Amino acid sequence: MLTENATVRAAAKHFGYSKSTVHKDLVTRLEALDGELYDKIVVLLNKNLAERHIRGGNATKRKYLSKDEES
C-alpha cells in the first residue's frame, strides 16, 4: 500500500480479501507486529480519508462525461 499509495479497497482487491479484513489487519493487528510500519500506514489511511470526497467527485464527473459522449 505504501509504495503505490493504494486505498484499502485496492489492497483488498489485490490480495483477495474483504475491505473489512484488510482495514482490521492494518489498524489493529499491524500495530502489535510492526509499530514503525503501522505509523506509516496510519498516515496513508488518514490521507486517503481526507481525499476520499475528491476521488468520489472525480468519479462522478467521469461518469457524466462518458454519458454525454454516448449521446
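Residues numbered from 1 in each chain as written. Predicted model: local features only at pLDDT ≥ 70, side-chain atom pairs only at ≥ 80, totals over all residues. Heavy atoms only, no water.

J.: Teacher, can you tell me more about the environment of Arg9 here?
T.: Topologically, Arg9 is positioned in helix H1 (residues 8–15). In this structure the C-alpha to C-alpha distance between Arg9 and Ile41, which are 32 residues apart in sequence, comes to 14 Å. (Helix = DSSP H or I, 4+ residues; strand = E, 2+ residues; numbered from the N terminus.)

J.: Sorry, what's going on with the pattern of salt bridges here?
T.: Side-chain pairs of opposite charge can arise whenever the charged atoms involved come near each other. Evaluated as defined, the whole model comprises 4 salt bridges. Salt-bridge contacts for Glu51 lead to Lys47; the nearest nitrogen and oxygen are separated by 3.7 Å. Linking Glu51 with Lys47, this pair stays in helix H3 (residues 35–70), spanning 4 residues, or about one helical turn. The class for Lys47 is partly exposed, based on a relative accessible area of 36%. A salt bridge links Arg55 to Glu51, with the shortest nitrogen-to-oxygen separation between them at 3.7 Å. With Arg55 and Glu51 both in helix H3 and 4 residues apart, the pair spans about one turn of that helix. The exposure class assigned to Arg55 is partly exposed, which follows from its relative accessible area of 34%. One salt-bridge network, in which partners are shared between bridges, spans Lys47, Glu51 and Arg55. (Salt bridge = Lys/Arg side-chain N within 4 Å of Asp/Glu carboxyl O. Buried < 20%, exposed > 50% of the residue type's maximum accessible area, 1.4 Å probe, protein only.)

As far as function goes, none of this settles anything; it's purely spatial.
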